[in-house]
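Examining the three-dimensional arrangement
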Amino acid sequence: VASAGNALLRKEFCRFLQSPNYMLNCGLGIVFMLIAAVALLIKQDVVRSMILKAAGYEELFALAAVAAICMMTTMNDMAAPSVSLEGKNLWLVQALPVSGWQVLKAKMGLQLILTSIPAALLTLCVEWVMKPELLFAVLIPVTVLLFVVMMAAFGLLCNLKAPNLTWTSEIVPLKQSLSVILALFAGWVVSFAGVYYLLRAHVTPAVFLICLDVVLLVLDAALVSWMKGKGSRVFERLGN
């Protein structure tokens, strides 16, 4: 016995774990983050010596670490094809006594859980090896979390706007859909390390990350609010 939310989330996990194509195309970030965490621990002496040699630029190392973690999280895009993967069976989910928001929340939840856990492990390894000052020790995980939420919500929004429910092979929504392409490359386009490079003469890395967190928080709130309202109604009308 489980609540409706937990049952829907379990359904999303089952679909992901039972589809090698889904795992391979939308879950590579998990593997890369775990490999990066292990490599960082193995090479921690090398990384620390590099930071010591570049004394005075510790904040830049912390900013680069945040950017690297966020880039790896963009390789997880489970939410982007999740609506399309319902295919012609979409009506089964719509017929359940649950709201559209509950279904969408479960689809977002799959990506949030499978991305946040390895990202948290990698973040812990980064902080253990780099030993940033307290402000950055707080800003790094906060920025990563806000970024992960933003990417999950954005991918789901793209799929709601451009779903493909008539596919005959699941490879189509996983590799050839517009929503997956947008979700995959949006994170690379939003390369905040590059944005900082343009603003480096005016702001410090700490101030830049604080401003970035505010922007991400606003985006997260706006995307989730849209998902609860209009997004839920869009989902409930799909296929009709």
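Our structure's up above, just so we're on the same page.
Below you will find a few notes about this structure. Note that this is a predicted model, so its numbers are computed, not measured.

Points about the overall build of the protein chain
A count of helices and strands for the protein chain gives twelve helices and zero strands. Each helix and strand of the protein chain, ordered N terminal to C terminal, gives the series α-α-α-α-α-α-α-α-α-α-α-α. The globule rule puts the C-alpha radius of gyration for 240 residues at 18 Å, and the 19 Å found for the protein chain is close to it. Each principal axis of the C-alpha distribution contributes one length, and for the protein chain these read about 60 × 35 × 35 Å. Evaluated residue by residue, the protein chain yields a buried proportion of 45% over its 240 residues. For the protein chain, the share of sequence-separated contacts (at least 6 apart) that also reach a separation of at least 24 residues comes to 88%.

Section: a positive patch on the surface
A cluster of basic side chains, namely Lys161, Lys230, Arg233 and Arg237, defines a positive patch on the protein surface. In terms of residue count, the dominant contributor to the positive patch is helix H12 (residues 205–237) (three residues). Here arginine 237 shows up in helix H12.

Topic: the packing of helix H3 (residues 28–42) against helix H7 (residues 100–130)
The relative placement of two packed helices comes down to the angle between their axes together with the axis-to-axis distance. At a closest axis distance of 9 Å, the pairing of H3 and H7 adopts a crossing angle of 15 degrees. Relative to H7, the element H3 lies roughly parallel. For the pair H3 and H7, the crossing hand works out as left-handed. Contact with H3, carried on its side by Ile30, Met33, Leu34, Ala36, Ala37, Leu40 and Leu41, involves Leu114, Thr115, Pro118, Ala119, Leu121, Leu122, Cys125, Val126, Trp128 and Val129 of H7 and no other residues of that element. Considering only residue class, the contact of H3 with H7 consists of 16 nonpolar, one polar and no charged.

Quick notes on the nonpolar core
Formed by 55 residues in total, the largest nonpolar core has its most connected members in Leu160, Met227 and Phe235. Listed by contribution, the elements that provide at least two residues to this core are H3, helix H4 (44–53), helix H5 (58–73), helix H6 (90–94), H7, helix H8 (134–161) and H12. Here this core takes 13 residues from H8, the largest share from any one element. In this structure methionine 227 touches Trp101, Leu104, Met108, Ala153, Leu156, Leu157, Leu160 and Ser232, once residues within four positions along its chain are discounted. Residues Tyr22, Cys26, Met78 and Leu174 belong to the second largest nonpolar core, which totals nine residues.

A short note on a nonpolar patch on the surface
Where nonpolar side chains cluster on the molecular surface, the patch consists of Leu24, Leu28, Val31, Phe32 and Ile35 and spans about 440 Å² of accessible area. In terms of residue count, the dominant contributor to the nonpolar patch is H3 (four residues). What makes valine 31 partly exposed here is its relative accessible area of 42%.

A word on the packing of aromatic side chains
Applying the stated criterion to the full structure yields one aromatic pair. For the ring pair phenylalanine 16 and tyrosine 22, a centre distance of 5.1 Å and an interplane angle of 70 degrees mean the geometry is edge-to-face. Between lysine 131 and the ring centre of tryptophan 128, over which it is positioned, the NZ or CZ distance is 4.2 Å.

Focus: unusual backbone geometry
Unlike most non-glycine residues, lysine 131 shows phi in positive territory, near 45 degrees. In this structure, lysine 131 sits in the loop between H7 and H8.

Some thoughts on the side chain of glutamate 12
Within the fold, glutamate 12 resides in helix H1 (residues 4–17). Here glutamate 12 falls in the buried class, since its relative accessible area comes to 2%. In this view, glutamate 12 contacts Ser82, Glu86, Ala106, Lys107 and Leu110; residues no more than four positions away in its chain are not counted.

Reading the values: the criteria
Residues numbered from 1 in each chain as written. Predicted model: local features only at pLDDT ≥ 70, side-chain atom pairs only at ≥ 80, totals over all residues. Heavy atoms only, no water. Helix = DSSP H or I, 4+ residues; strand = E, 2+ residues; numbered from the N terminus. Rg over C-alpha atoms; globule rule 2.2 N^0.38 Å. Buried < 20%, exposed > 50% of the residue type's maximum accessible area, 1.4 Å probe, protein only. Contact = heavy atoms within 4.5 Å. Patch = residues over 30% accessible without salt bridge, like charges linked within 9 Å, V, L, I, M, F, W, Y side chains within 5 Å. Areas by Shrake-Rupley, 256 points an atom, 1.4 Å probe, with all protein chains shown as cover. Salt bridge = Lys/Arg side-chain N within 4 Å of Asp/Glu carboxyl O. Lys, Arg positive; Asp, Glu negative; His and termini not counted. Charge placed at Lys NZ, Arg CZ, Asp CG, Glu CD. Axes fitted to C-alpha atoms, helices over the stretch in contact; angles between N-to-C directions. Parallel < 35°, antiparallel > 145°, perpendicular 65-115°, else oblique. Left-handed = near helix turned anticlockwise from the far one by under 90°. Nonpolar A, V, L, I, M, F, W, Y, C, P; charged D, E, K, R; others polar. Core = buried A, V, L, I, M, F, W, Y, C linked by side-chain atoms within 4.5 Å. Phe/Tyr/Trp six-rings, centres within 6.5 Å; stacked < 30°, edge-to-face > 60°. Lys NZ or Arg CZ within 6 Å of the ring centre and 35° of its normal.

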